[in-house]
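Here's the letter readout for the chains.
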Amino acid sequence: MLTTKPLKPRPCKHCKSSFTPTKRLQVVCSPLCGLERARIQREAKERKEHAARKRVERAMDRKRREALRTFPELEEDCRKIVQKIARIRDRNNGCISCDLPASWDGQWHGSHFLSHGANSLVQFHLWNIHKACWICNKLYSGRINAYEPRLIAKIGQGRVDWLRSQTGIRKHTPEYRAYLMRFKKVMGKRLRRMEKGQ
């Protein structure tokens, strides 16, 4: 005949007091502790499920808000992202249009060589966007006469000629909306990685 070893005392999973279990899988010292532990576990599960539902609702709300955004709003979001990337890329360079050094304490912009309004085909292209001081970019519209020779020295004549050949305006189509959404997602991720690496 098999004899079973007596069970050793163990701490209650609810009240933490020591007790000797009567069954091998018993984890609480009394039915009251068992009920209280079950209630706490049920509430924790409900909180977790509620948080998961909230996450799903927030994601759906975000998608709905994105779907309602106009083309100019989406383009502005994408421009802001790519201008930040250009400023981080050029953080050790001075202004592309004047002689201000990188150590200048003023505000820096991501300046377009070809304006984004008339040349929307290259408005997000990093060859077209370079760090410039706010004085050149805002007050003097980029100082293109000084910008162009410095840009040629920086990226080469061939790339500048390619930029100039990309004239035209993108039409607001569903495909272009999908492109903007994808661009925003991918380049936003790239920007966050660059900001972490700074």
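One can find the structure itself at the top, above this paragraph.
Residues numbered from 1 in each chain as written. Predicted model: local features only at pLDDT ≥ 70, side-chain atom pairs only at ≥ 80, totals over all residues. Heavy atoms only, no water.

**Quick look at unusual backbone geometry**
Glycine aside, the phi torsion of most residues is negative, and most peptide linkages are trans. Residues other than glycine seldom take positive phi values, yet Lys16 does so here, at roughly 70°. Along the chain, Lys16 turns up in the loop between β1 (10–11) and β2 (18–19). Take Lys16: its relative accessible area is 59%, and that puts it in the exposed class. Unlike most non-glycine residues, Ser141 shows phi in positive territory, near 50°. Within the secondary structure, Ser141 is located in the loop between α3 (134–139) and α4 (144–155). On the accessibility criterion, Ser141 (60% relative accessible area) is exposed. (Helix = DSSP H or I, 4+ residues; strand = E, 2+ residues; numbered from the N terminus. Buried < 20%, exposed > 50% of the residue type's maximum accessible area, 1.4 Å probe, protein only.)

**Section: the packing of aromatic side chains**
Throughout the structure, instances matching the rule amount to seven aromatic pairs. Note on Trp104 and Trp108: the rings are 5.2 Å apart at their centroids and 85° apart in plane angle, and the pair reads as edge-to-face. A relative accessible area of 15% means that Trp108 is categorised as buried. Summarising the aromatic geometry, the rings of Tyr179 and Phe183 are spaced 5.9 Å apart at their centres and angled 40° between planes, so their arrangement reads as tilted. One end of the pair, Tyr179, and the other, Phe183, are both in helix α6 (residues 174–197), four residues apart, so they sit about a helical turn from each other. Owing to a relative accessible area of 34%, Tyr179 belongs among the partly exposed residues under this scheme. (Phe/Tyr/Trp six-rings, centres within 6.5 Å; stacked < 30°, edge-to-face > 60°.)

**What about a nonpolar patch on the surface?**
A contiguous nonpolar patch, built from Trp134, Leu139 and Tyr140 and spanning about 320 Å² of accessible area, is present on the exposed surface. When you line up the elements, Leu139 lands in helix α3. Residue classification places Leu139 among the exposed positions, given a relative accessible area of 54%. (Patch = residues over 30% accessible without salt bridge, like charges linked within 9 Å, V, L, I, M, F, W, Y side chains within 5 Å. Areas by Shrake-Rupley, 256 points an atom, 1.4 Å probe, with all protein chains shown as cover. Salt bridge = Lys/Arg side-chain N within 4 Å of Asp/Glu carboxyl O.)

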